[in-house]
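Chains, contacts and geometry: an overview
Given next are the chains, with one letter for each unit.
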Amino acid sequence: MRTCAVVPYFEHARTLAAVVEALLANELPCVVVDDGSGAAAHAAAATLAARHPGKVTLVTHPRNLGKGAAVLSGMRAAAAAGCTHALQIDADGQHDTADVRAFLQQAAHHPDALILGLPVFDATTPRTRFYGRYLTHAWVWINTLSFEIRDSMCGFRVYPLAPVLELADEERLGSRMDFDTEVLVRLHWRGARMVEVPTRVTYPHDGQSHFRLWRDNVRISAMHARLFFGMLRRLPTLLRRRHREVLHA
């Protein structure tokens, strides 16, 4: 088992260095994917890579392709470097890097599973973001016929690379904010196991969000519709699996 970190990055020059330094402190080499940042933000990422040769790899998209595309580019670079697992974490500083070790320990105990962050929100969390997540949660529970994925939107997780890249080669996955949810549902359909790790999530008062209310909500709604019809096609298989799980509970 060989693990690195994949950090999708777009215009978060103020927080990137602290995130990467915390990952390096946990002996994780990092793949930073600059998803079309402007010159100043790109220079910050390039400087960080130059400061840590052999430990920080910079992958650059010439234009913004979306978070999902950035994560997949980072995963492909990680696999090409010989890694078997990737810890995904956002560059905006919302995730508690003190929990990295807990994620890695769970991945070592469950190398075939996806290790998912289960957010523990504090008082900085906007109420609209907190309650808005439950619409996606409900659709995920419907589309998997399961409560195994309690939160599909947290961008802090560990992936085994082989099944994710196999899925990406066989299915067209969402390339933007829809990626985090869609990849979990489709992997769940394929029988992937999910293990949760509670982790604190903080929204910095001066934080920068790239979520676009109308565009991204329309994209996410279209994803849920695709997954719903995909679930209907798989309904007999999912019901049989659910029946077996109940029998063995």
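Structure shown above.
Attention in this report is confined to the structure presented alongside it. Just so it is clear, the structure is predicted and the values come from calculations on it, not from any experiment. (Residues numbered from 1 in each chain as written. Predicted model: local features only at pLDDT ≥ 70, side-chain atom pairs only at ≥ 80, totals over all residues. Heavy atoms only, no water.)

Let us look at the overall build of the protein. Per the secondary structure count, the protein includes nine helices and seven strands. By the compact-globule yardstick of 18 Å for 249 residues, the protein fits well, its C-alpha radius of gyration being 18 Å. The principal-axis extent of the C-alpha atoms belonging to the protein is close to 55 × 40 × 35 Å. When contacts within the protein are restricted to residue pairs at least 6 apart in sequence, long-range pairs at least 24 apart make up 82% of them. Just so you have it, the protein exposes about 12000 Å², and 58% of that area is on carbon and sulfur atoms. (Helix = DSSP H or I, 4+ residues; strand = E, 2+ residues; numbered from the N terminus. Rg over C-alpha atoms; globule rule 2.2 N^0.38 Å. Contact = heavy atoms within 4.5 Å. Areas by Shrake-Rupley, 256 points an atom, 1.4 Å probe, with all protein chains shown as cover.)

Two residues of an α-helix separated by three or four positions point the same way, owing to the 3.6 residues in each turn. Helix 7 (residues 179-189) sits mainly inside the fold: 11 of its 11 residues count as buried. Residues of helix 7 that are buried: Phe179, Asp180, Thr181, Glu182, Val183, Leu184, Val185, Arg186, Leu187, His188 and Trp189. Taken from the residues just after helix 7, Gly191 is the one with a positive phi, measuring 95 degrees. (Buried < 20%, exposed > 50% of the residue type's maximum accessible area, 1.4 Å probe, protein only.)

For the rest of this paragraph, the subject is the nonpolar core. Grouped together as the largest cluster of nonpolar side chains are 35 residues, with contacts concentrated most on Met75, Leu114, Val183 and Leu187. Met75 has contacts with Val6, Tyr159, Leu161, Val164 and Leu165, leaving out every residue within four places of it along the chain. Among the nonpolar cores identified, the runner-up in size contains 30 residues, and Ala41, Ala45, Phe156 and Val158 belong to it. (Core = buried A, V, L, I, M, F, W, Y, C linked by side-chain atoms within 4.5 Å.)

Attention now moves to empty space enclosed by the protein. As enumerated under the stated definition, the model contains one cavity of 30 Å³ or more in all. Lining the largest cavity we find Thr144, Leu145, Ser146, Glu148, His188, Leu238, Arg241, Arg242 and Glu245. Top contributing element to the lining of the largest cavity by residue count: helix 9 (residues 235-248), with four residues. The residue inventory of the lining of the largest cavity, partitioned by class, reads two nonpolar, three polar and four charged. (1 Å grid on protein atoms, 1.4 Å probe; cavity = no way out; pocket = protein on both sides within 12 Å on 5 of 7 lines; lining within 4 Å. Points joined across faces, edges and corners; volume = space filled by probe spheres on them. Nonpolar A, V, L, I, M, F, W, Y, C, P; charged D, E, K, R; others polar.)

Across the interface, helix 3 (residues 67-80) lies against helix 6 (residues 161-170) with an axial gap of 11 Å and an inter-helix angle of 125 degrees. When the axes of helix 3 and helix 6 are compared, the pair comes out oblique. For the crossing formed where helix 3 meets helix 6, the hand is left-handed. Of helix 6, the residues touching helix 3 (which contributes Leu72, Met75, Arg76, Ala78 and Ala79) are Leu161, Val164, Leu165, Ala168 and Asp169. Across the contact of helix 3 with helix 6, the residue classes break down as eight nonpolar, no polar and two charged. (Axes fitted to C-alpha atoms, helices over the stretch in contact; angles between N-to-C directions. Parallel < 35°, antiparallel > 145°, perpendicular 65-115°, else oblique. Left-handed = near helix turned anticlockwise from the far one by under 90°.)

Overall, mixed pairing links the seven strands, which are arranged 3-2-1-4-6-5-7 in an open sheet. Only two strands of the sheet have a single neighbouring strand rather than two, namely strand 3 (56-61) and strand 7 (194-201). Across the sheet, the mean angle from the axis of one strand to that of its neighbour is 25 degrees, orientation sign disregarded. The sheet contact formed by strand 5 (residues 114-121) and strand 6 (residues 157-160) spans two bridges and is antiparallel. Looking at the pairing, Leu116 lines up with Arg157 of strand 6. Across the face of the sheet, helix 6 comes into contact with strand 4 (85-88) and strand 6 while running at roughly 75 degrees to strand 6. (Pairing = 2+ DSSP bridges.)

The next subject is the pattern of salt bridges. Enumeration according to the criterion identifies 12 salt bridges in this entry. Arg186 serves as the salt-bridge partner of Glu171, at 3.6 Å between the closest nitrogen and oxygen. Highlighted residues: Glu171 in the loop between helix 6 and helix 7 and Arg186 in helix 7, separated in sequence by 15 residues. Glu171 sits in the partly exposed class, given a relative accessible area of 26%. A cluster of three or more residues bridged by salt bridges with shared partners is formed by Glu170, Glu171, Glu182, Arg186, Arg190 and Arg226. (Salt bridge = Lys/Arg side-chain N within 4 Å of Asp/Glu carboxyl O.)

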